[in-house]
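A structural walkthrough
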Amino acid sequence: MPKTINVLFLAAEADPFVKVGGLGDVAGSLPIALRALSNNEIQLDVRLVLPYHPVVKADNLKPLGIFPIKRGNTEVQAEIFETSINGLPVYFINGDPIRANGSVYSSNAKLDAEKYTFFSLAALELPRHINWSPNIVHANDWHTALSVYGSLAKSWEEGAHRIASVLTLHNLPYMGPDVSAILESYGYKLAQTDLPEWARVMPLPLGMWASDAIVAVSPTYGDEILTPEYGCGLNEFLQLRRETVSGILNGLDTVSFNPATDSTLSSNFDVDSLEKRATNKTALQEKLGLPFTIETPLLALVSRMDVGKGVDLAFTALKSLKNLNWQAVILGTGDLKLEAAALKLQEIYPERVKVITRFDASLARQIYAGADMLLMPSRYEPCGLSQMIAMRYGCVPIVRAAGGLNDTVTHGKTGFVFEKIHHMSLMAAIKSACKVFVNQAEWQTIQHAGMSQDLSWGNSAKKYLDLYQSIIKS
Ligand code: GLC
C-alpha cells in the first residue's frame, strides 16, 4: 500500500479558473505537478480550494452542499462546489462575504478582510464535509494565510490532531489588513505571538507565525527576506525562525509555454530550428509598425507598470542609449504615471519605440518569440515568470540580480545580470548584450543555453514533496 499524503492547497486565484497575477500561474500548476509525483510508494492527494469569486470561470460545477460557519450569535453559510482539472479535484467556496466583493482583490481593505477571513476559515471546515482529512494545509500569500493560523488555533481549542502546515510567500510586502475583530467574531482568539506588535493582527504574519514551514518562491528571495532591505519589518522575526524558512523556485508550465506548439506565433520553432524564429521578429515588427530590420536588436519590456518592476529604470536607460541602435516594444498596464512615461518615450522615439498599454496575453507570447532581449530590471522579484518564458522562447533576458531572477538567469550564459538598482547599471548590461548580439554565433549559444534549461515544475514539486515529508515526520 502506498503511503498517502493529503494536501489541502489554498489560493486566492488559480489558472484557468481565475487569474490576476503570478500566483494564479503557480496555483494552477503546482498542485497538478505534485499529484504527478505519486508512485507505488507515495500517493499525493492534493486538492485545490478557491473562493468562488463572481469572476470565476468554471464549467460542470457540482454543488456539494451548504454548511454554516458560526460567527458571533449568527451563522454565515458556506456553499461548496466541486469540479476537476487534469485529475486534480478543485473545490470552490461561496458565501455572502465572497459575493459582496466583485473583484478578486478589492481596493476596499474591509471587503477583502471579510472575504479572505471567511474563505480561509471555511476551507478548514471543508474536509469534514467531503469525508477527507488533510495531513498538510498549504496556503499561499496573505489571502489564505489565516487557514494556517486557524488550523493551529483549532487544534489547541479542540485538542485535535495538529495538521502540518506550509505557507508560501509570493510577495511579502502584502500582509493583508487588520483582521483581529473579524477573527474574534468567528471565535478565534488572537494568540500571544513573538511578532512585532503592528504585525500581530495581520493575516500573513499570523500565518507565518503558525506555520511549520515558510517557503519563499526562490532561494534568493528566501535569503533576501531575512535582511532589513527586503524583510518588510519581519526580518528579525524571520531570523528567529530561520530553520523553518526556505526557498523553492517556481516552475514554468512548459506545455502551455512551448514555442514549438504555441498557436499564437507566426512560425513555430524549437532549439534545433532557431532560424525559424526570425519570421516571428519580422511579423512582430510589422504588427507594431516598426521598421523591418533583422540586425537591429529588438528590446522588450512585458510587465506590470509598477515601480517594484523597475520599469522607470528601463525608460531612463533607453532614453540615455540614443546613440545605440535598438528598437523597443513595451507592453503592460498599471501605474498611470509609468504608463505616461512609457508613452512619452514613444513620443520622443516614434520610429523606435512602440507602447501598448493593455493586458494582452497573445501579444506577450508573440513578443517573447520575436524580440531579441527582455528587460527585467526589477527592484525586487520574488520569483518572476517572464524571464523563464523569454528564455524558453529564445529571447535573452537582461535582469537585475533580485530574487528568482538571480536564480534563473546566469550572466553571460543564459542572459545578462546586473546588480545595482540604477539605470546606469541597466545601461551597461544592455550595451554588453548589444555587443554580443552583433556576433550571431555567440548570441545563439546564449539562446540555446536558455532554451535547453529545464524550467518545468517537476524539480520544484519534488522539493515541496520533500518538505511535506519532513514536516509530517517532525
Ligand atoms: C508574485 C511575485 C512574482 C512571482 C509570483 C509567483 O507575483 O511578484 O515574482 O513570480 O508571485 O510566485
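Residues numbered from 1 in each chain as written. Predicted model: local features only at pLDDT ≥ 70, side-chain atom pairs only at ≥ 80, totals over all residues. Heavy atoms only, no water.

1. Regarding the overall build of the protein chain
This is how the line gets drawn: Helix and strand labels come from DSSP, where a helix needs a run of H or I of at least four residues and a strand needs a run of E of at least two; each type is numbered from the N terminus. C-alpha atoms define the radius of gyration in this analysis, and the globule rule sets the expected value at 2.2 Å times the number of residues to the power 0.38. Remark: exposure states derive from per-residue accessible area (1.4 Å probe, protein chains only) relative to the maximum for the residue type, with buried under 20%, exposed over 50%, and partly exposed in between. The contact rule is simple, with two residues in contact once any of their heavy atoms fall within 4.5 Å. Surface accessibility in these figures is a Shrake-Rupley result with a 1.4 Å probe; residues are shielded only by whichever protein chains are displayed. Charged residues are defined here as Lys and Arg on the positive side and Asp and Glu on the negative side; His and the ends of the chain fall outside this count. All charge positions are set by atom: Lys at NZ, Arg at CZ, Asp at CG, Glu at CD.
In terms of regular secondary structure, the protein chain is built from 17 helices and 15 strands. Compactness check: the protein chain gives a C-alpha radius of gyration of 23 Å against a globular reference of 23 Å for 474 residues, within 12% of the reference. Once the C-alpha set of the protein chain is aligned to its principal axes, its extents read approximately 70 × 50 × 40 Å. Among the 474 residues that make up the protein chain, the fraction classed as buried is 58%. Put simply, 70% of the contacts in the protein chain that link residues at least 6 apart link residues at least 24 apart. Carbon and sulfur atoms make up 51% of the accessible area of the protein chain, which totals about 19,700 Å². Of the charged side chains in the protein chain, 42 are positive and 47 negative; the average position of the first set lies 2 Å away from that of the second.

2. Side note on the state of the cysteines
Counted only if it meets this: Working definition: a disulfide is two cysteine sulfur atoms within 2.5 Å of each other.
A full pass over the atoms with the stated rule returns zero disulfides. C232 supplies the cysteine sulfur nearest to C383, a cysteine that is in no disulfide, at a spacing of 17 Å. There is no disulfide at C434, and the cysteine sulfur nearest it, in C395, is 12 Å away.

3. Some words on the side chain of S267
To keep it simple, the criterion reads: For this analysis, a polar contact is any N or O atom pair within 3.5 Å, provided that within protein one partner can donate a hydrogen and the other can accept it, and provided that sequence-adjacent residues contribute only side-chain to side-chain pairs.
As for its position among the elements, S267 is in the loop between strand 9 (245–247) and helix 9 (277–288). Judged by relative accessible area, which is 13%, S267 ranks as buried. A polar side-chain atom of S267 sits 3.3 Å from the main-chain carbonyl oxygen of K276.

4. Comments concerning the domain arrangement of the protein chain
Using the following cut-off: These domain limits were set by an automatic method or by a database of domain assignments. What gets called buried area is simply the loss in accessible area from a 1.4 Å probe that two parts show on being joined, summed for both. Here a salt bridge means any side-chain nitrogen of Lys or Arg lying within 4 Å of a carboxyl oxygen belonging to Asp or Glu. Note that Gly is not counted as nonpolar here; it falls among the polar residues with everything else outside the nonpolar set of Ala, Val, Leu, Ile, Met, Phe, Trp, Tyr, Cys and Pro and the charged set of Asp, Glu, Lys and Arg.
According to the domain assignment, the protein chain contains domain 1 (3–251 + 458–473) and domain 2 (274–454). Taking only C-alpha atoms, the centre of domain 1 and the centre of domain 2 are 34 Å apart. Both sides of the domain 1 and domain 2 interface together cover about 1,100 Å² of buried area, and 55% of this is carbon and sulfur. On the domain 1 side of the contact with domain 2, T220, Y230 and L249 bury the most area, a combined 33% of that side's loss. Inspection of the region where domain 1 meets domain 2 yields zero salt bridges. Counting every contact that joins domain 1 to domain 2 gives seven residue pairs in polar contact (both at pLDDT 80 or more). The element best represented in the side of domain 1 that touches domain 2 is helix 7 (residues 219–224), accounting for four residues. Looking at side-chain class alone, the side of domain 1 that touches domain 2 contains seven nonpolar, seven polar and two charged residues.

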